[in-house]
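Commentary on secondary and tertiary structure
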Amino acid sequence: MISFNSKTNSFRLDTPNSTYSIFINERGYIGHAYYGSKIGDDDVSYLTRNKEYGFSDNKIFREKGSFLDFFPQELPTEGLGDFRESALAVCDSEGHNAIELKYKSHKITGGAKALPGLPAVFGGAEDCSVLELTATDDILGAEVTLVYTVFEKLDAIVRSVRIKNNGAKPLYIKKALSLALDLDNDNYDMITLHGSWARERHMERHPVHMGKQGVVSIRGETSHQEHPFVALLDHNADWDSGKVYGMNFIYSGNFVADVQKNQFENIRAVMGINPEGFTWKLENGDVFDTPQAVLVYSDSGLNGMSRTFHDLYREHLIRSPYKKTDRPILINNWEATYFNFDTDKLIDIAREASKDGIEMLVMDDGWFGHRSFDDSSLGDWIVNEEKIKGGLKHLVDEVNKLGMKFGIWFEPEMISPDSDLYRAHPDWAIQIPGREPGMSRAQLVLDITRKEVEDYTYESLAKILRSANIEYVKWDMNRQLTDIGSVNLPADRIGEFYHRYVLAVYRLQERLLTEFPKLLLENCSGGGARFDPGMFFYSPQIWCSDDTDAIERLAIQEGTALIYPLSTMGAHVSVCPNHACGRVTPFKTRGYVALSGTFGYELDITKLPPEERAMIPGQVALYKKFSSLIRNGDYSRIASYRENNEYDCWASISKDKTKALVTFVQVLNHPNYKTRFLKINGLKPESKYRITWPDEKAEDFPAMELFGRTLANAGLPIRRDWGDFRAQLIFIEEI
Ligand code: DGJ
């Protein structure tokens, strides 16, 4: 709910458990008064310290320089005296870097608003309302609108910024972030996600220190390395208690998220498109919309924050018809065959997989052009009939005859120098004229910001999809952007390239879904480098990581699930020794870990040891039984191997709290410890629950009955297993 109090010149943005308060001071500056647990209907403008004087003794008028460097701002700007991190920087056509925002007007409406060309949260008037707060800089002729989408049933506020040039001369936006949040210091800790290829989104927590700290990408995509997410939380906050501010960016390109503790020991957090390498020229009348950034407030620890993000994305960002349904259990041939496959091999895999209840075959990289390794043919999306004998339609029909769906891999944004496409259009690759472009995985990136390149790319994909009954696409992206140049853009617009590139990716995926609305799209980028909420608008699931090892996946899936629903996490069972790290783990453990994602297989089922093969039908049955609970329930982290160096544990609890599925992985067994007692929060305290181990013999794991209150406070006994990498799946159901 959003309200405006004209007496106090304040806006109040209320969600079920939080209040966000904005104060317009007497000089028109837009101040940030409060964000946190719900407060009374009071004038809290005093929290901005608007009337406090600075070092000069002028009690009435504080000098602008010192005022701007102190006042908490909704959208801090560069160049006029706020020396903290800015969120907006604009240069006029004479080269002056300054913009000052003064309140002009506001509008409060019901229902979320779309953002042109960008992913955006959606919802009707019953779900959310929108505040558009417009400020101007009359010297520049700039009009800046701060947009807040406030959710009625979720503790989430989504922000974006619209910048319009009403002046006669061009303006150059140098920095346009989506979110700024000024908070009084409360000895916060900070959580960010870091990693590398095959090690994505590992959590890191540390106290906020003086100065600036944060995460960033300048790779043209979200990246394996850092993630557009920051949480600020009480130093003592844990999974289930304490206050947490979570920030996440709905975007798939360069980003920055910084936290700065300043001279007064106050905190400013900002998030948005990375200003490095960015400028955007606005001619008279032009408008620039920033992507949306999400703010989540939780007074019930990290699990509270995760649940809000999960609900927001499941209900108000993912559009796919698959979002609430079971996903087909797929088998992907990448780790099974790499490039070495043909029709017969794929049909063999499909035939055996269909016997065990697997529902879809996905043909990965290597089916097109003359690609038999990763050094050719990207861009030549023509079926290689030496491998796919009889053609693609024949293969798909044969797979369909086995009762299975068919899916296919593309890497649409790329071009191999060894390709017919490159030989015909060498200038279609992103490059700086006269400079040899940097290669990565022997490939270059197509300049899809050019209309003719976008159209070629779209048509070559669509042609394949029109040619056979293809129900799933894995959209891969295996290198980062360098050598930024485009024949499309003049020198004073080259800084628009990165963002235009992301808009082109979104446009391509939107076109695909418009023509093929039932398509199940899975995004991917060398594993999980494009696992971000921007992609959720197009694909309900994203490949989480090229590391399919069950133990490595624990940290990857823990960090991913901190923000994103389990229904979005691409997770497959693969063979051992694992192809990414050589570890050997029980097949059962691999199954349980993959079960907490979209679930599928990535192995040559025809070569699987019989005892492992024999377990597949049981795993498929577990998926069928628990899919809805895992994908639609409330996620709750119970323990982390990262913290205890011993075991990992998480649960999915049904919204009505009648059922829960707990996954427990004993990573390392240490000698001479006793039974563990795991505290399961989130069930009904007064209800009695029956606890079973659905994948075990009842005589080995006898059922138990405990009250919800007992499970939360005394805990569930978990016996120790002999050896490392053991796992248990525990089902809890109200009696
Ligand atoms: C990277 C992906 O993450 C893998 O799953 C696989 O599709 C390869 N690319 C294919 O090149």
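The name given to the protein chain in an unreviewed UniProt entry is Alpha-galactosidase, and the organism recorded there is Treponema bryantii. What UniProt states about the protein chain under its Sequence similarities (unreviewed entry) heading is, verbatim, "Belongs to the glycosyl hydrolase." Under the heading Catalytic activity (unreviewed entry), UniProt records this for the protein chain: "Hydrolysis of terminal, non-reducing alpha-D-galactose residues in alpha-D-galactosides, including galactose oligosaccharides, galactomannans and galactolipids."

As a matter of local geometry, the ligand sits amid 13 residues, with Asp364, Asp365, Lys474, Asp476 and Asp546 nearest to it. Between the ligand and the protein, one listed contact pairs a nitrogen atom with a side-chain N or O atom of asparagine 478 at 3.4 Å. One of the side-chain N or O atoms of aspartate 546 is found 2.5 Å from an oxygen atom in the ligand. In the complex, 98% of the free accessible area of the ligand, which totals 290 Å², lies under the protein chains. Considered class by class, the residues forming the shell around the ligand number four nonpolar, three polar and six charged.

The eight strands lie next to each other as β29-β28-β27-β26-β23-β22-β21-β30, forming an open sheet whose pairing is parallel. At either end of the open sheet lies a strand with only one pairing partner, and these are β29 (569-570) and β30 (600-601). With four bridges connecting them, strand β22 (residues 360-363) and strand β23 (residues 405-410) associate as parallel partners. The residue of β23 that forms the bridge with methionine 360 is lysine 405.

Turning to the sheet that holds strand β35 (residues 688-692), a few remarks are in order. Sheets are built from strands paired through backbone hydrogen bonds, the pairs being either parallel or antiparallel. Spatial ordering of the open sheet is given by β31-β32-β33-β38-β35-β36, a layout of six strands whose pairing is antiparallel. Only two strands of the sheet have a single neighbouring strand rather than two, namely β31 (634-639) and β36 (704-707). Neighbour-to-neighbour, the strand axes of this sheet turn through a mean angle of 25°, independent of strand direction. Summarising the sheet, strand β32 (residues 647-653) and strand β33 (residues 659-666) pair through seven bridges and their orientation is antiparallel. Among the inter-strand pairings, serine 652 is bridged to a residue of β33, identified as leucine 661. Relative to the sheet, helix α10 (residues 550-561) contacts β31, β32 and β33, its axis offset from that of β31 by approximately 130°. Where helix α13 (residues 616-632) meets the sheet, it contacts β31, β32, β33 and β38 (726-734), and its direction lies at approximately 100° from that of β33.

Within the structure shown, the criterion is met by 70 salt bridges. Among the ionic pairs, lysine 474 bridges to aspartate 364, the shortest N-O distance being 2.8 Å. Here the residue lysine 474 occupies a position in strand β26 (residues 472-475), and aspartate 364 occupies one in the loop between β22 and α5 (391-401), the gap between them amounting to 110 residues. Of the two residues, lysine 474 and aspartate 364, both sit in the buried class.

Tracing the backbone shows phenylalanine 339 in the loop between α3 (334-337) and α4 (343-355). Taking the relative accessible area as the measure of exposure, phenylalanine 339 reaches 9% and is therefore buried. Once the C-alpha coordinates of phenylalanine 339 and aspartate 364 are considered, the two residues, 25 residues apart in sequence, prove to be 8.4 Å apart.

A word on the environment of serine 377. Along the chain, serine 377 falls in the loop between β22 and α5. Put simply, serine 377 and methionine 414 are 37 residues apart on the chain and 9.5 Å apart in space, counted from C-alpha to C-alpha. Once residues within four sequence positions are removed from consideration, serine 377 is found in contact with Phe368, Gly369, His370, Arg371, Ser416, Asp418 and Ser419.

A separate point is the domain arrangement of the protein chain. Domain parsing of the protein chain yields domain 1 (81-316), domain 2 (328-632) and domain 3 (638-734). Between domain 1 and domain 3, the C-alpha centre-to-centre distance is 38 Å. Counting each side, the surface lost to burial between domain 1 and domain 3 is near 450 Å², with a carbon and sulfur contribution of 39%. When the area that domain 1 buries against domain 3 is broken down by residue, the three leading residues are Met203, Trp239 and Asp240, summing to 75%.

In this structure's numbering, the residues bearing the UniProt feature "domain: Glycosyl hydrolase family 36 C-terminal" (unreviewed entry) are residues 648-731. The annotated region residues 648-731 carries 7% helix and 42% strand content, and the separation between its end C-alpha atoms amounts to 17 Å.

Moving on: the packing of helix α7 (residues 451-466) against helix α8 (residues 497-515). For the pair α7 and α8, the least separation of the axes is 10 Å and the interaxial angle reads 35°. Here α7 runs over α8; the crossing is right-handed. Across the interface between the two elements, Lys451, Glu454, Asp455, Thr457, Tyr458, Leu461, Ala462, Leu465 and Arg466 of α7 pack against Arg507, Leu508, Arg511, Leu512 and Glu515 of α8. The residue inventory of the contact of α7 with α8, partitioned by class, reads six nonpolar, one polar and seven charged.

Attention now moves to the packing of α10 against helix α11 (residues 587-595). Closest axis-to-axis distance for the α10/α11 pair is 9 Å, and the angle between their directions is 20°. With respect to α11, the axis of α10 lies roughly parallel. Relative to α11, the crossing made by α10 is left-handed. In this structure, α10 uses Ala550, Arg553, Leu554 and Gln557 to contact α11, whose residues at the interface are Thr589, Arg590 and Val593. Considered class by class, the residues forming the contact of α10 with α11 number three nonpolar, two polar and two charged.

Moving on, we come to the nonpolar core. One finds Leu232, Trp367 and Ile408 to be the most contacted residues of the largest nonpolar core, which totals 198 residues. Those residues in contact with tryptophan 367 that sit more than four places away from it in its chain are Phe341, Trp381, Ile382, Val383, Asn384, Ile388, Ile408, Trp409, Phe410 and Ile464. By size, the runner-up hydrophobic cluster in this structure holds 22 residues, among which are Ile638, Tyr647, Cys649 and Ile718.

Locating valine 445 in the fold gives a position in strand β25 (residues 444-445). Sequence spacing of valine 445 and aspartate 155 is 290 residues, and the spatial spacing of their C-alpha atoms is 40 Å.

Another aspect to go through is unusual backbone geometry. With an omega of -5°, the peptide bond running from cysteine 576 to proline 577 counts as cis. Take proline 577: it is sitting in the loop between β29 and α11. The residue aspartate 483 is not glycine, and still its phi comes out positive at about 55°. With respect to the element layout, aspartate 483 can be found in the loop between β26 and α8. Its relative accessible area of 15% is what places aspartate 483 among the buried residues.

The rules behind the values
- Residues numbered from 1 in each chain as written.
- Predicted model: local features only at pLDDT ≥ 70, side-chain atom pairs only at ≥ 80, totals over all residues.
- Heavy atoms only, no water.
- UniProt positions renumbered as here; feature names shortened; annotations may be inferred.
- Near = heavy atom within 4 Å.
- Polar contact = N/O pair within 3.5 Å; in protein donor to acceptor, adjacent residues only side chain to side chain.
- Areas by Shrake-Rupley, 256 points an atom, 1.4 Å probe, with all protein chains shown as cover.
- Nonpolar A, V, L, I, M, F, W, Y, C, P; charged D, E, K, R; others polar.
- Pairing = 2+ DSSP bridges.
- Helix = DSSP H or I, 4+ residues; strand = E, 2+ residues; numbered from the N terminus.
- Axes fitted to C-alpha atoms, helices over the stretch in contact; angles between N-to-C directions.
- Contact = heavy atoms within 4.5 Å.
- Salt bridge = Lys/Arg side-chain N within 4 Å of Asp/Glu carboxyl O.
- Buried < 20%, exposed > 50% of the residue type's maximum accessible area, 1.4 Å probe, protein only.
- Domains from an automatic or database assignment.
- Buried area = accessible area lost by both parts, 1.4 Å probe.
- Left-handed = near helix turned anticlockwise from the far one by under 90°.
- Parallel < 35°, antiparallel > 145°, perpendicular 65-115°, else oblique.
- Core = buried A, V, L, I, M, F, W, Y, C linked by side-chain atoms within 4.5 Å.

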